[in-house]
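Below, each chain spelled out in residue letters.
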Amino acid sequence: MSRRSGGLIGVWAEQQRVAQRQREGQHQAVLRQQRDAERTQRSYERDVARMQREQRAAYRQQRDADALRRTQELDQRVALLGSLLAAGCREPAFSVESLRREEDVAPFAPGPLGEPVAMPNQRFYQPQGAWTASGRVQAEQDARARFEQDWYAAQAAEARRVEQLAAYRSAYDDWAAARRAEIRAHNGGVDGTVAALRGGEADTVVEYFTAVLFASTAWPEGFPREVSAAYDRSGRGLVLDWDLPGYDVVPEAKGVKYLPSTDQEKEVPRPVTQRRALYRDVLAQSVLLAVWELFASDRFGALDQVALNGYVGGVDPATGLASRVCVASVAVERSVFDRLNLELVGAVECLTGALAGRLSAKPEERVPVEPLLAPDQVGSDVVVQGDGEEPDLLAMDPIAFEGLVAELFRARGLQAVTTQRSGDGGVDVRALDPDPISGGSIVVQVKRYRNTVPPSAVRDLFGTVQDAGANKGVLVTTSKFGPGSYTFANGKPLTLISGTELVDLLHQHGLRGRLGSGAPGAPGVAPGASGVSGSAGATGTTGTTGTTGASGAAGARTAVLAATPASASVEADDDFNLLGMVWSGSVALDVCALVCAGNRVLGDEWFVFFNNPATPDRSVSMVAAAPGDRAAVRVGFGALPERADRLVLVAAVDPEVNPDADLGGFTEAGIRLRDDSGVELDRLVVSDGRPGETALVLGSFRRRAGGDWDFVVGGKGYRGGLEELVGDFGIEVE
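What comes next is a walk through the structure.

The rules behind the values
Residues numbered from 1 in each chain as written. Predicted model: local features only at pLDDT ≥ 70, side-chain atom pairs only at ≥ 80, totals over all residues. Heavy atoms only, no water. Helix = DSSP H or I, 4+ residues; strand = E, 2+ residues; numbered from the N terminus. Expected span 1.5 Å × (residues − 1). Buried < 20%, exposed > 50% of the residue type's maximum accessible area, 1.4 Å probe, protein only. Contact = heavy atoms within 4.5 Å. Patch = residues over 30% accessible without salt bridge, like charges linked within 9 Å, V, L, I, M, F, W, Y side chains within 5 Å. Areas by Shrake-Rupley, 256 points an atom, 1.4 Å probe, with all protein chains shown as cover. Salt bridge = Lys/Arg side-chain N within 4 Å of Asp/Glu carboxyl O. Phe/Tyr/Trp six-rings, centres within 6.5 Å; stacked < 30°, edge-to-face > 60°. Lys NZ or Arg CZ within 6 Å of the ring centre and 35° of its normal.

## Some thoughts on helix 8 (residues 398-411)
Residues that lie three or four places apart on an α-helix share one face, since the helix turns once every 3.6 residues.
Part 1 of the reasoning: For helix 8, built from 14 residues, the straight-helix expectation of 20 Å at 1.5 Å per residue is met to within 8% by its first-to-last C-alpha distance of 20 Å.
Part 2 of the reasoning: The element helix 8 is extensively covered by neighbouring structure, given that 11 of its 14 residues are classed as buried.
Part 3 of the reasoning: Of all the residues in helix 8, the buried ones are Ile399, Ala400, Phe401, Glu402, Gly403, Leu404, Val405, Ala406, Glu407, Leu408 and Phe409.
Part 4 of the reasoning: At its buried positions, helix 8 is contacted by helix 4 (202-215), strand 8 (415-418), strand 9 (429-433), strand 10 (440-447), strand 11 (472-477) and helix 11 (499-508).
Part 5 of the reasoning: Where helix 8 terminates, the next one or two residues include Gly413, which has phi positive at roughly 95 degrees.

Next comes the structure, spelled out in structure tokens:
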């Protein structure tokens, strides 16, 4: 019993030892897992701490770099101000000869029209195989018939090509002659300016030398360019009041530091004595540079002496009102000034010492000096410009006008300079938009016209943009543009600015200008607004009522639209309305109108499209679209013939622009009903287009009893284009 009991106890004890070892192993495994987890956590925390340190270091480096960049910008600004006179004197002087234009006219380039139509070769018209004699005879006759049909078709196509080529050549010759005449007229004006300057004509002298200051590229951004000038013909002296920059032109901060403790940037103030001294030096440099530019640009002996008074604007602390104070004045003879080495002089010492001029001791406090000579003190033979009145853009000197346009671009945040050398390719101002996404180079042409700018000028600008590799072209005029110009510019990187829009832009940016006596002129068509496109495939009438030709040169569209008066040029009439078309999508459409009795057009002359822009009584006419519209029709419902009971509006894909397009992208379409002055009265919804269709009836205005007109939505589409559509209204299309 004892041995059996001892054996059982031994087994039990062994089991207990095994269980204990298992528990200890499990416990050790748990401890190992805990230690591994702790090590992993400590490693993670170290990585996070390192990343945070690196991020803090990178953040601080970035903030330090930002502060350094701002400091460098301040240093560059101060360096620019300090070298204003020396840098300006190294610039080439303005010359009136740089305004001349070369008679450079693009050569005649007919393109595909210059290639003859290939005639069919009879060798490729062999009879088809036949087993019988009669079959072979018939096959030979069929082959001969096919050849003759293709040969006559090719002959007809060649005749049309020759006719179109002759028309294109004639149009080119007219354009080239007009272009040469324009260049010669411009150069003749330059010759007249030179003669007037040599003769000392006071108005020309003032306009020329004020334009020199306006057109200069030596002045940094933010410097004002207001001038009042008078010319003493007997003494050959020019007297100017010239605006100088304010005290804020010198940066108040000397540098920028980053403070890690507060995570803020702190501007280090510039010492007051240093800022005052620099500002006084800038004023002296500005006066000397302006005098240098005047003398350097005088190659006609017009100036023997110059008197210049420098003014700064601001608020008078005594009255709280805006005022101008003279802070610098100098009167110098040319012989004295030419002896100076302006690149090495101290500006303040030169102005107040060598030239015996006057400079305010405290210009930052607007302490004035007495002008040595004012424009109104030089005698009776005086012409004053920029004396506070709005300058007349129509009468402004061309050079000054170009300078004003360049100043407008600079006021809008762009870099802009007037071209000062011959061979400028027709570019008057070159601008650069620094925006990295939408910016780029811009070429600007300036037209000081009184009549409507012809579409040829817009085409010339587009050619200049392409030749110069510019991103955009801008045409600025004192007059207005016709629908032909807007039609050509639509979809191209071109902007057209009419006279009234130019005046508005000038006033928005603190610049001055008016048109004529100051009375509001005829409003121009908004830039970028699309004119009415031509009708698809229809270019002329045959003379048979209801029959319209379907062939012709694409250039006819522009020619006809150029003769169509813009809606803005027509005096507002309460009996007329404007129907403005809007739609989404990029497809080019021709919008047309048909004056009908029932479902039949009254006649060919009552189908209004690009080659017939108005009905005989002008109750319906195509006009340039108002801002926001893509096409427009002007309608006098009360002036329509009594027999007409509906006006149908239709749209078709322009096959010349989008030959493979359909109306699948014609969506969100509508008609904006406006009064004749352009005020929107209502918006009428029309049907969207459908894939596969190339023409669509938008809707019709229908006469009701009592003379009222209602609008009925259309929606019928056509796969055969405008030709099929107008056929439904009784017009045969050949």
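## Concerning the environment of Gly721
Part 1 of the reasoning: Positionally, Gly721 belongs in helix 13 (residues 721-727).
Part 2 of the reasoning: According to the relative accessible area criterion, Gly721 is buried, its value standing at 10%.
Part 3 of the reasoning: Residues Gly721 and Ala651, spaced 70 residues apart in sequence, show a C-alpha to C-alpha distance of 9.2 Å.
Part 4 of the reasoning: Contact partners of Gly721, with chain neighbours within four places excluded, come to Thr694 and Ala695.

## Quick look at a nonpolar patch on the surface
Part 1 of the reasoning: Nonpolar side chains collect at one region of the surface, where Met119, Trp151 and Tyr152 lie side by side and expose about 310 Å² of accessible area between them.
Part 2 of the reasoning: Residue position: Tyr152 is located in helix 3 (residues 133-199).
Part 3 of the reasoning: The class of Tyr152 is exposed, set by a relative accessible area of 54%.

## Quick look at the packing of aromatic side chains
Part 1 of the reasoning: Within the structure shown, the criterion is met by 18 aromatic pairs.
Part 2 of the reasoning: Judged by centre distance (4.9 Å) and plane angle (75 degrees), the rings of Tyr208 and Phe209 are edge-to-face. Accessibility classification places Tyr208 together with Phe209 in one group, the buried group.
Part 3 of the reasoning: Taking the centre distance of 5.9 Å and the plane angle of 45 degrees together, the rings of Trp583 and Phe666 count as tilted. Of the two residues, Trp583 is situated in strand 15 (residues 577-584) and Phe666 in the loop between strand 21 (646-653) and strand 22 (667-675); the sequence distance between them amounts to 83 residues. One exposure class covers both Trp583 and Phe666, and it is buried.
Part 4 of the reasoning: Here the aromatic residues Phe94, Tyr208, Phe209 and Phe300 are joined through ring pairs into a cluster of three or more.
Part 5 of the reasoning: In this arrangement the basic side chain of Arg169 is found over the ring face of Phe108, its NZ or CZ atom lying 4.4 Å from the centre.

Taken by themselves, the reported measurements are silent on function.
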